Amino acid sequence: MRLTPDRPALRRWRLWVGAVLVAEICWFALLRPRVAGNFRTVLALALLPLTAVGYVYLMAAVSGYLADREWDFRIRQMIVIMLGLSVGCFVFAVLWLAKAHFEGELG
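Everything quoted here is computed from the prediction, not taken from an experiment.

**Concerning the overall build of the protein**
Now for step 1: Looking only at helices and strands, the protein features 3 helices and 0 strands.
Now for step 2: For the protein, the sequential pattern of α-helices and β-strands runs α-α-α.
Now for step 3: For the protein, with 107 residues in total, the buried portion stands at 20%.
Now for step 4: At a minimum sequence separation of 6, the contacts of the protein that also span at least 24 residues come to 66%.
Now for step 5: Roughly 8000 Å² of accessible area belongs to the protein as shown, and the carbon and sulfur atoms make up 70% of that amount.

**A few points about a nonpolar patch on the surface**
Now for step 1: Where nonpolar side chains cluster on the molecular surface, the patch consists of F39, L43, L47 and L50 and spans about 400 Å² of accessible area.
Now for step 2: With respect to the helices and strands, the residue F39 is situated in helix α2 (residues 39–67).
Now for step 3: Taking the relative accessible area as the measure of exposure, F39 reaches 62% and is therefore exposed.

**Looking at the nonpolar core**
Now for step 1: Within the largest apolar cluster, 7 residues are counted, these being W27, L31, L45, L48, V94, A98 and F102.
Now for step 2: Elements that contribute at least two residues to this core include exactly α1 (13–31), α2 and α3 (73–101).

**Quick look at the environment of S86**
Now for step 1: Structurally, the position occupied by S86 is in helix α3.
Now for step 2: For S86, a relative accessible area of 23% corresponds to the partly exposed category.
Now for step 3: C-alpha separation for the pair S86 and V56, spaced 30 residues apart in sequence, amounts to 9.6 Å.
Now for step 4: When neighbours within four sequence positions are excluded, S86 is seen to be in contact with Y55 and M59.
Now for step 5: One polar contact links S86 to Y55, side chain to side chain, over a distance of 3.3 Å.

**Here's the deal with the environment of S63**
Now for step 1: Mapped onto the elements, S63 comes out in helix α2.
Now for step 2: Counting along the chain gives 18 residues from S63 to I81, while the straight-line C-alpha distance between them is 9.7 Å.
Now for step 3: Those residues in contact with S63 that lie beyond four places of it in its chain are V80 and L83.

**Comments concerning the confidence of the model for the protein**
Now for step 1: Residues of the protein with pLDDT of at least 70 account for 83%, and the chain-wide mean is 78.
Now for step 2: For the protein, per-element mean pLDDT is lowest for α2, which scores 81, and highest for α3, which scores 85.

**Overview of the packing of α1 against α2**
Each pair of packed helices can be described by the angle between their axes along with the distance between the axes.
Now for step 1: Across the interface, α1 lies against α2 with an axial gap of 9 Å and an inter-helix angle of 130°. With respect to their mutual orientation, α1 and α2 come out oblique. The element α1 and its partner α2 pack so that their crossing is right-handed. Packed against α1, whose contacting residues are W16, A19, V20, A23, E24, W27, F28 and L31, the element α2 presents V42, L45, A46, L48, P49, L50, V53, V56 and Y57 at the interface.
Now for step 2: For the contact of α1 with α2, a count of residues per class yields 16 nonpolar, no polar and 1 charged.

Rules behind the numbers
- Residues numbered from 1 in each chain as written.
- Predicted model: local features only at pLDDT ≥ 70, side-chain atom pairs only at ≥ 80, totals over all residues.
- Heavy atoms only, no water.
- Helix = DSSP H or I, 4+ residues; strand = E, 2+ residues; numbered from the N terminus.
- Buried < 20%, exposed > 50% of the residue type's maximum accessible area, 1.4 Å probe, protein only.
- Contact = heavy atoms within 4.5 Å.
- Areas by Shrake-Rupley, 256 points an atom, 1.4 Å probe, with all protein chains shown as cover.
- Patch = residues over 30% accessible without salt bridge, like charges linked within 9 Å, V, L, I, M, F, W, Y side chains within 5 Å.
- Salt bridge = Lys/Arg side-chain N within 4 Å of Asp/Glu carboxyl O.
- Core = buried A, V, L, I, M, F, W, Y, C linked by side-chain atoms within 4.5 Å.
- Polar contact = N/O pair within 3.5 Å; in protein donor to acceptor, adjacent residues only side chain to side chain.
- pLDDT = per-residue confidence, 0-100.
- Axes fitted to C-alpha atoms, helices over the stretch in contact; angles between N-to-C directions.
- Parallel < 35°, antiparallel > 145°, perpendicular 65-115°, else oblique.
- Left-handed = near helix turned anticlockwise from the far one by under 90°.
- Nonpolar A, V, L, I, M, F, W, Y, C, P; charged D, E, K, R; others polar.

If you want it as structure tokens, here you go:
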């Protein structure tokens, strides 16, 4: 009996498609853009969460890579915490970018 599935979470595409859908819904609920406005603006706003989900995927892959390394536990733990903080900073920067450049289109 296996406790973990055969495929890791990074290779399950349904999980990441669900993450993209949740990110898009939360993104548009948070920003409340005017959809009747410019199509290019709405498209640019829709693509910003994809970069955040891609960054989270990259950081999860790096964390999985670090789990297999023979380093000290505290060093690996510190690196993963720093990666998590960088994800938070990246999401904050994407939010700031959207607010600063699309101020007129947001409600």
